[in-house]
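Descriptive analysis of the structure
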Amino acid sequence: LGARPGMGKSTFALQIASEIAAAGSPVLFYSLEMPSVRMEAKILNRAIHMRYPNSSLTADWFLREENNTGNKMYIKERKKLSVSGRDIVQDVEMFMNEKKEKPVVFVDYLQILSSCTGNRNATERQKNDENINELSGLSNKYDLAVFVISSLNRESYREEQRSLRMDSFKETGGIEYSASVILGLQPRNIRQPKFNYEQEMSKEIREQEIVFLKQRYGISGMKANVSVDFHAAKDLYTEKGAFGKKSAQN
């Protein structure tokens, strides 16, 4: 999954992860950028607003309280200066040995991972390819889902009205060939002549679309796009216009 900064990539991934965990499947969410308490606050904030749409609570309020998500979500924050894809593979294998369960794995995000070989001179592309190979190997070896968030290259958002493409991903080679599905998040009206990114980001409800740039076993391109609304203050994604009704956030 890729998107420009501030589009809500982590929130979107966390919502998917939360629903999987709530349904009874274990989820390992590697939060390499945000502390686990912040991610837990997002989960609780979203849950409250799904049930009480007009609540004034925010994620910041939850950070002042003691809370527990109460399901099979395991949020793993970075405990040391550098973490590689190989470290994640070893941690997942340890989890499976202890719990005797196969988890869904989320990694937030690819570019924070360090070189698997410890090579400090590795280029960004080499480092990313090493980590993608490790995570792809994990997925293939144990037949489990691995969901990875990636940043985009600067060229992809230099032009405000440029839609996401495969080459929008930073150092895209390994992603393009290894991923079964490549998703992007972008504003729905990005193709309109008067589109302004800053104005869009300042909206209470940000009108977005999920773009399927690649789907190995399904359709991709504009026909596959899904329209969603991002309620940023509520840490909640819903289908277009669905908030307050029985929506598809599940």
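Residues numbered from 1 in each chain as written. Predicted model: local features only at pLDDT ≥ 70, side-chain atom pairs only at ≥ 80, totals over all residues. Heavy atoms only, no water.

1. Some points on the confidence of the model for the protein chain
Using the following cut-off: On a range of 0 to 100, pLDDT expresses the predictor's confidence in each residue. The helix and strand labels rest on DSSP assignments: H or I over at least four residues marks a helix, E over at least two residues marks a strand, and numbering proceeds from the N terminus. Should any heavy atoms of two residues lie within 4.5 Å, those residues are considered in contact.
When pLDDT is averaged along the protein chain, the result is 84; 86% of the residues meet or exceed 70. Across the protein chain, element-level confidence peaks in strand E5 (residues 146–148) with a mean pLDDT of 97 and bottoms out in helix H3 (residues 59–62) with 49. Per-residue pLDDT stays below 50 along residues 61–70; that stretch engages in 12 contacts with residues further than four places along the chain or on separate chains. Segment residues 245–250: pLDDT under 50, and 12 contacts once partners within four positions in sequence are set aside and those in other chains are kept.

2. A few points about the packing of aromatic side chains
Basically, it comes down to this: Pairing of aromatic side chains requires ring centres within 6.5 Å, counting the rings of Phe and Tyr and the six-membered ring of Trp. Pairs whose planes differ by under 30 degrees are stacked, by over 60 edge-to-face, and all others tilted. The cut-offs for exposure are 20% and 50% of the maximum accessible area for each residue type, with area from a 1.4 Å probe on protein chains only; residues under the lower value are buried, those over the upper are exposed, and the others partly exposed. Cation placement over rings: the criterion is NZ of Lys or CZ of Arg within 6 Å of the ring centroid and within 35° of the ring normal.
Taken as a whole, this structure holds 5 aromatic pairs when the rule is applied. Between Phe106 and Phe147 the ring centres are 4.9 Å apart and the planes differ by 25°, which places this aromatic pair in the stacked class. One end of the pair, Phe106, is in strand E4 (residues 104–108); the other, Phe147, is in strand E5, with 41 residues separating them in the sequence. Judged on exposure class, the residue Phe106 and its partner Phe147 are both buried. Taken together through their ring pairs, the aromatic side chains of Phe12, Phe230 and Tyr237 make up a single cluster. Geometry around Tyr197 places Arg4 over its ring, the cationic atom sitting 3.4 Å from the centre.

3. Quick word on the nonpolar core
What counts, and what does not: What we call a nonpolar core is a set of buried Ala, Val, Leu, Ile, Met, Phe, Trp, Tyr and Cys residues that are connected through their side-chain atoms within 4.5 Å.
Core analysis: the biggest nonpolar cluster contains 30 residues, and Leu1, Val27, Phe29, Met73, Phe106, Leu185 and Ile210 have the highest contact counts within it. Looking at this core, the element that brings in the most residues is helix H1 (residues 9–22), giving 5 residues. Non-local contacts of Leu185, meaning those with residues more than four positions away in its chain, are made with Leu1, Gly2, Ala3, Met7, Gly8, Lys9, Phe12, Leu164, Gln208, Glu209, Ile210 and Tyr237.

4. Thoughts on the pairing of strand E7 (residues 205–215)
A regular strand carries its side chains on alternate faces of the sheet. Quick reminder of the rule: For two strands to pair, DSSP has to find at least two bridges joining them.
Burial analysis of E7 places 8 of its 11 residues in the buried class, which makes it a mostly covered element. The pairing of strand E6 (residues 181–187) with E7 spans 7 bridges and is classified as antiparallel. Note on E7: the bridge partner recorded for Ile182 is Lys214.

5. Overview of the sheet that holds strand E1 (residues 2–3)
Rules: Under this scheme, a helix contributes an axis fitted over its contacting stretch, all axes are lines through C-alpha atoms, and angles between N-to-C directions fall in the 0 to 180 degree range.
Sheet architecture is open: 5 strands sit in the order E1-E6-E7-E8-E9, paired in mixed fashion. The sheet is open, and its two edges are formed by E1 and strand E9 (236–239), each paired on a single side. Examined bridge by bridge, E1 and E6 share 2 bridges and lie parallel to one another. If you follow Gly2 over to E6, its bridge partner there is Gly184. Lying over the sheet, H1 contacts E1, E6, E7, strand E8 (226–231) and E9, oriented at roughly 75° with respect to E9.

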